[in-house]
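Each chain is listed here by its residues.
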Amino acid sequence: MEWIVWTIGAVAFIFFGIPLIKYILSRLWVYIRLWGLRITKRAFVVFRHPFSLWAFHRSKHADVMVVCGRKGYLIKFGGSFKRGTRIEADTPTAWRFRRYWRSVGPLSAPMITEVFVRTKTMPFDLAKDTVMLKSKIHADVLLDDISAVYMLTPKPLSIVANDGERRELSNGDSFFGMTLYTAKRFFKVCRGHLPESLSKEEKRIIKESFRKL
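All of these numbers come straight from a predicted model, not from anything done at the bench.

Rules used in this analysis
Residues numbered from 1 in each chain as written. Predicted model: local features only at pLDDT ≥ 70, side-chain atom pairs only at ≥ 80, totals over all residues. Heavy atoms only, no water. Helix = DSSP H or I, 4+ residues; strand = E, 2+ residues; numbered from the N terminus. Buried < 20%, exposed > 50% of the residue type's maximum accessible area, 1.4 Å probe, protein only. Contact = heavy atoms within 4.5 Å. Areas by Shrake-Rupley, 256 points an atom, 1.4 Å probe, with all protein chains shown as cover. Salt bridge = Lys/Arg side-chain N within 4 Å of Asp/Glu carboxyl O. Axes fitted to C-alpha atoms, helices over the stretch in contact; angles between N-to-C directions. Left-handed = near helix turned anticlockwise from the far one by under 90°. Core = buried A, V, L, I, M, F, W, Y, C linked by side-chain atoms within 4.5 Å. Arc of directions from axis to C-beta. Phe/Tyr/Trp six-rings, centres within 6.5 Å; stacked < 30°, edge-to-face > 60°. Lys NZ or Arg CZ within 6 Å of the ring centre and 35° of its normal.

Undergrad: What should I look at first to understand the overall build of the protein in this one?
TA: For the protein, the helix and strand inventory stands at four helices and 11 strands. The buried share among the 213 residues of the protein stands at 41%. Considering only intrachain contacts with a sequence separation of at least 6, the fraction spanning at least 24 residues in the protein is 61%. Element-wise, carbon and sulfur atoms account for 62% of the exposed surface of the protein, whose accessible area totals about 12300 Å².

Undergrad: Would you take a moment to explain the pattern of salt bridges for this structure?
TA: Note that side chains of opposite charge can pair when their charged atoms are close. Within the structure shown, the criterion is met by six salt bridges. With its nearest N and O atoms 3.6 Å apart, the salt bridge here joins K134 to D145. You can see K134 sitting in helix α2 (residues 126–137) and its partner D145 sitting in strand β7 (residues 145–153), a full 11 residues away along the chain. Relative accessible area serves as the criterion here: at 30%, K134 is assigned to the partly exposed category. Under the relative-accessibility criterion, D145 is labelled partly exposed at 26%. One salt bridge connects E201 with R204, and the closest N-O pair in it is separated by 2.4 Å. Here the residue E201 and the residue R204 both occupy positions in helix α4 (residues 200–211), the gap between them amounting to three residues, near one helical turn. Here the salt bridges do not stand alone but share partners, grouping K71, K134 and D145 into one network.

Undergrad: Before we go on, may I ask you to explain the packing of α2 against α4 in this structure?
TA: For any two helices packed against each other, one specifies the crossing angle of their axes together with the interaxial distance. One can describe the packing of α2 onto α4 by two numbers: an axis separation of 10 Å at closest approach and a directional angle of 145°. Where α2 crosses over α4, the two elements pack in a sense that is right-handed. Contacts between α2 and α4 involve L133, K136 and I137 from the first element and I206, S209 and F210 from the second.

Undergrad: Explanation requested: the nonpolar core in the structure shown.
TA: Within soluble globular proteins, side chains that are nonpolar generally end up buried alongside one another. With 32 residues, the main nonpolar core has M65, W95 and F175 as its most contacted residues. Sort the elements by how many residues they give to this core and β7 lands first, with four residues. Among the nonpolar cores identified, the runner-up in size contains 21 residues, and V64, I75, Y181 and F187 belong to it.

Undergrad: How do you make sense of helix α3 (residues 183–191) when you look at a structure like this?
TA: Buried residues of α3: A183, F186, F187, V189 and C190, and no others. Projection of α3 onto a plane perpendicular to its axis shows the buried side chains occupying an angular sector of 155°, all on one side.

Undergrad: I'm lost on the packing of aromatic side chains in this one. Help?
TA: Here a ring pair, both rings aromatic, is described through the centre-centre distance and the interplanar angle of the planes. Counted according to the given criterion, the structure contains seven aromatic pairs. Ring centres of Y73 and F186 lie 5.2 Å apart, and the angle between their planes is 90°; on these two criteria the pair is classed as edge-to-face. Of the two residues, Y73 sits in strand β3 (residues 71–80) while F186 sits in helix α3, which places them 113 residues apart along the sequence. In this pair, the class of Y73 matches that of F186, namely buried. Across the ring face of F187, the terminal group of R33 is positioned such that the distance to the ring centre comes to 4.8 Å.

Structure, rendered in C-alpha cells:
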C-alpha cells in the first residue's frame, strides 16, 4: 500500500511539482533582476503588488513601474506561459491558448501536433493606467515618456494577435496600447538608457502617483 502512495506522489511531482518550481524560479529571477537594476541605479523601481511576481495577484492594474533615465515603463506581469504554447489574442482580455507537443523525427523536421485549446480571460487595462499616471506625474515630474509593457515570463512559443489584422507578435511589438517584452529583452532595453538619478521629490511624486492607481 505504501508503494502506491509513493508512486502517486512521484507522478504528481513530475507533472505538477517540477513545472511549479520552474515557474517560481523564473519569477524569482525577474524579482532579483529588478532589484539589481535598482541597486546599480540604472532604474528606479516601484512595486504596486510585489506578490504579483508569484502570480498571487491578478488585477487589471500595473504591478511595477520602472524608470530608466527619464523614461517610465508601467509593467504588468503575464501569466505562466509554457513552452510550446501558442497564444491567440482576440481582445485585450481574452487570450486563446493552443498547446503543442513538439517532437523531432529521425528524418523529418520538428512535428507539431495540437493537444488542446482553451480560452483564458486576463483582466488588464494598462493603456488606461498609463494615461492616468501621465496626468498625475507630468504635472510635477517631467519624464520623457511613460509606456505600458506586458511582460511575458517565460517566453511562449508564439503569439498571434487578431486585433483587426492577424499578425505574429514578438519582442518589442505593440499590442492594444502596450509593448510586449520578455524579461530578458526588457532588461536589455533598460540597460540601453543612460543612468540619470531622480531627485528625492521626484521619487516621492512617482511613488504616490503609482500607488494611487
